[in-house]
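Residue-level structure breakdown
Residues per chain are reported as follows:
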Amino acid sequence: MIELRGISKVYRLGGIDYPALTDIDLTIERNEFLALIGASGSGKSTMMNILGCLDTPTSGRYRLDNEEVAGLDEEQLASVRNRKIGFVFQNFYLMPRMTALDNVAQPLIYRGIAPAIRREHARAALARVGLADRTGHRPNEMSGGQRQRVAVARALVGQPELLLADEPTGNLDSRTAREIIELFKQLHAEGQTVVIVTHDPGVAANCPRQVRLHDGRIVEDVRQ
Amino acid sequence: MNANTLVEDAGASRRLIYAIQECLRSALSAIRAHRLRSFLTMLGVIIGVASVICVIALVQGMSSSISQQFQGLGATTLTVRAFTPQEDRLRGQINRLRDTDVEELRYRIDGISNLTPMVPAPVATASYQGNSAGGQFIGTTASLMDVQQLFPKSGRFITQSDDASRRRVVVLGEQVRKDLELPERPEGEFVQIGTEWFKVVGVMESRGELLGMNQDAFLIMPFQTALAFGTAVARPDISITFTVDDPDMVENVKQQVISVIRRAHGLEADDPDDFRVDSADTFINTFNTITGTITAVVAGIVGISLLVGGIGIMNIMLVSVTERTREIGIAKALGAPRRFIMLQFLIEAMVLAVIGGLIGMILGFGLAYAISGAIPNMPPPAVPWWAVTGACLFSMLIGMVFGILPASKAANLAPIDALRYE
């Protein structure tokens, strides 16, 4: 379960405070499928960084899977990201020199897991996203859709509490985008908690719950 | 598939091994991805290590060949030579040992053996059937064989009775035999030295070359023959070599010898010695000091060039960190701890430096062999293990020291800034 209470984030530039998020309260239950929507400048990216433990809030409390993460230092946050968060980015962000298998296994390196076990889990994760036959390919040998599937497999391999996707279909054609959305739906059906950050209403429409941000505040929280 | 296998249960040392393994893999892949750049980055280290290995190999080769030449002459061998201070020499006064000094030592000093006097022959060319040969022509006694550990290849050496009866016999060095175009076994042939004829009784084993000097260009005749032969030299330059039986008594014997000869030469208490007592060690030590100094100076110069090489590595690594900011951001988003990123770039710098060191070492060896092959009479190079390990360790150290700055720059990147970097 994910619980945010009174989360604020203020950026300070040239002595002037710019509030990016103000007093956010949000609870996400296990196995929810949620879209975080908003125009650019709405605080959506900041929200995603805080949810993903890439950044710390200026104030407020954040409980992730019964662990308070708001006050943690950078090293502890790295460990939380590694164990509890799986990221999917708009630009895939795969390592260009590594094969699909090595890309997927990468998060497990930081957990101190033996190479053979890493590969075994990476292979299983690739099979889960339908790429069992692409383990030896490098990113530049794969289509955009396949790359994003590799990225999803990498996000899943550590069995995270939260799968956090930032505009996952932003760089894909509409047909491939639909396939990726279907993949998220399938993972949700298998019990995975999924949060998609997007400005695209068409993508958000697939999610049972939609949270809209505007000027750093939650202005809408609807369940279908 | 069991979820429990993903719990971090490996021990700390096991985890470190996995991390190092992974860093080595990524370092090699990064180096392979930019082959030319990596090579240029290493160039400073390559040149530095190649030059140090080359010079050390040549110097050590020379010094080990010299040590070998002196193996027979241990620390227990002492030589007494006349010594003339510079100012006396300028006045035309030359000191000499006397042939009676040999007998003084023989009867007054205990615990020495192989007492061997040596004197240069008054004529230093020999001829045979129109061929002539030169070299070191000396008169000495039978015991030279034991002192120098030098034995005849064919025939025999000078004997005591040759000396006692001043026989006109000679033993040749291999080079002299060749120069005179004497047969392989020349015993019984006669060679002419000055106006006199000498019978060849033996040829000595070949000793090869030392520092470009042929050591086989010599001729040996009995000591007394050399003293009596010709009329030219009134005060021949005698030297006396002997071995001390008890190695612990060398210094003691040396003092006795000094006082015996001083008395024999009638020196007053405040007169300086007109002779020197040296051991073979003295020469080896002097030589070792020289080679040691050369090695140290070269090592110092090369240390500086390796430092420059290290700065080159640091420079490129800093560029590489900037280029790979995104990659670092991804690794951090996936949960890479600071120390892992640090380790990754440190190892990359070290791998660069060590590969450079190894290439430099091979190049240095090659260069040393090429140089010693191209220069005639140069002894073959020898590379001591300490130079190899030292060069490896030093390049690793260089990589580590100059990797610290780029590595900590990489490790300190904030994940969101690094991810956003275009």
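Residues numbered from 1 in each chain as written. Chains lettered and ligands numbered in written order. Predicted model: local features only at pLDDT ≥ 70, side-chain atom pairs only at ≥ 80, totals over all residues.

**Topic: the overall build of chain B**
Going by this rule: Only runs of H or I of at least four residues qualify as helices and only runs of E of at least two qualify as strands under DSSP, and these elements are numbered from the N terminus. For the radius of gyration, the atoms used are the C-alpha atoms, and the globule rule reads 2.2 Å times the number of residues raised to 0.38. Counts of 20 or more other C-beta atoms within 10 Å of a residue's own C-beta define buried residues, counts of 12 or fewer define exposed ones, and intermediate counts define partly exposed ones; C-beta atoms are placed from the backbone. Any residue pair is listed as a contact if its two C-beta atoms, each placed from the backbone, are within 7 Å.
Assigned secondary structure in chain B consists of 14 helices and 14 strands. Taking 422 residues into account, the globule formula puts the C-alpha radius of gyration at 22 Å, and chain B, at 34 Å, lies well above it. Overall, chain B is about 100 × 55 × 50 Å in size when its C-alpha atoms are taken along their principal axes. Across the 422 residues of chain B, 37% fall into the buried class. In chain B, of all internal contacts separated by at least 6 residues, the share reaching a separation of at least 24 is 83%.

**Considerations on the overall build of chain A**
In terms of regular secondary structure, chain A is built from seven helices and 10 strands. Over its C-alpha atoms chain A spans a radius of gyration of 17 Å, differing by no more than 12% from the 17 Å that the globule rule assigns to 224 residues. Dimensions of chain A, computed from the C-alpha atoms along their principal axes, are close to 50 × 40 × 35 Å. Here chain A holds 224 residues, and the buried ones make up 50% of them. Long-range pairs, those at least 24 residues apart, make up 67% of the contacts in chain A between residues at least 6 apart in sequence.

**Side note on the confidence of the model for chain B**
Residues and elements named next belong to chain B. We count it as follows: pLDDT: the predictor's confidence for each residue, scored from 0 to 100.
Taken over all residues, the pLDDT of chain B has a mean of 85, while the share at 70 or more is 92%. The spread of mean pLDDT over the elements of chain B runs between strand β10 (residues 209–210), the lowest at 65, and helix α11 (residues 325–333), the highest at 93. What the predictor reports for the complex is a pTM of 0.71 with an ipTM of 0.93.

**Notes on the pairing of strand β7 (residues 162–166) of chain A**
Residues and elements named next belong to chain A. Convention followed: Each pair of strands is called paired provided DSSP finds at least two bridges between the two strands. Seen with its strands pointing away from the viewer, a crossover is right-handed when the path leading from the first strand over the helix to the second is clockwise.
Burial within β7 is extensive, with five of its five residues counted as buried. A two-sided burial pattern is seen for β7, the buried positions comprising L162, L164 and D166 on one face and L163 and A165 on the other. Bridge count between strand β6 (residues 85–88) and β7: four bridges; the pairing is parallel. Across the sheet, the residue bridging to F87 is L164, located in β7. Across five bridges, the pairing between β7 and strand β8 (residues 193–198) is parallel. Residue pairing for β8: L163 is matched across the bridge by V194. Handedness of the crossover joining β7 and β8 through helix α6 (residues 174–189) is recorded here as right-handed.

**A short note on the sheet that holds strand β2 (residues 16–28) of chain A**
Reading across the sheet, the four strands line up as β2-β1-β4-β5 (chain A) and stay open at both edges, with antiparallel pairing between neighbours. The sheet is open, and its two borders are formed by β2 and β5 (67–68) of chain A, each paired with just one other strand.

**Let's talk about the packing of helix α3 (residues 100–109) of chain A against helix α5 (residues 144–156) of chain A**
Residues and elements named next belong to chain A. The test is simple: Lines are fitted to the C-alpha atoms to define the axes, a helix being fitted only along its stretch in contact, and any angle between axes, read from their N-to-C directions, falls within 0 to 180 degrees. Orientation is classified from the angle alone, with under 35 degrees giving roughly parallel, over 145 giving roughly antiparallel, 65 to 115 giving roughly perpendicular, and any other angle giving oblique. By definition, any crossing whose near helix is turned counterclockwise from its far helix by less than a right angle is left-handed, and any crossing with a clockwise turn is right-handed. Residue polarity is assigned by list, with Asp, Glu, Lys and Arg as charged and Ala, Val, Leu, Ile, Met, Phe, Trp, Tyr, Cys and Pro as nonpolar; anything else, Gly included, falls into the polar class.
The interhelical angle for the contact between α3 and α5, taken along N-to-C directions, is 30°, at an axis separation of 7 Å. In terms of their interaxial angle, α3 and α5 are classed as roughly parallel. The way α3 lies across α5 gives a crossing that is right-handed. The residues of α5 that touch α3, namely those facing A100, N103, V104, Q106 and P107, are V150, A153 and R154. A class-by-class count of the residues in the contact of α3 with α5 yields five nonpolar, two polar and one charged.

**Some details on the environment of B:K254**
Relative to the elements of secondary structure, B:K254 occurs in helix α9 (residues 250–264). Among all residues touching B:K254, those that are not within four sequence positions of it are B:L78 and B:V277.

**Thoughts on the interface of chain B and chain A**
The interface is formed by 23 residues belonging to chain B together with 26 residues belonging to chain A. Breaking the side of chain B that touches chain A down by element, the ones donating at least two residues are α1 (12–33), α11, α12 (338–374) and α14 (415–420) of chain B. Element by element, the count of residues in the side of chain B that touches chain A is highest for α1(B), at five residues. Here the residues of the side of chain B that touches chain A sort into 14 nonpolar, three polar and six charged.

**A look at the sheet that holds strand β9 (residues 209–214) of chain A**
All names here are of chain A. With mixed pairing, the six strands of this open sheet are ordered in space as β6-β7-β8-β3-β9-β10. Bordering the open sheet on either side are β6 and β10 (217–223), each of which pairs with just one other strand. Ignoring which end each strand starts from, the neighbouring axes of this sheet average 20° apart.

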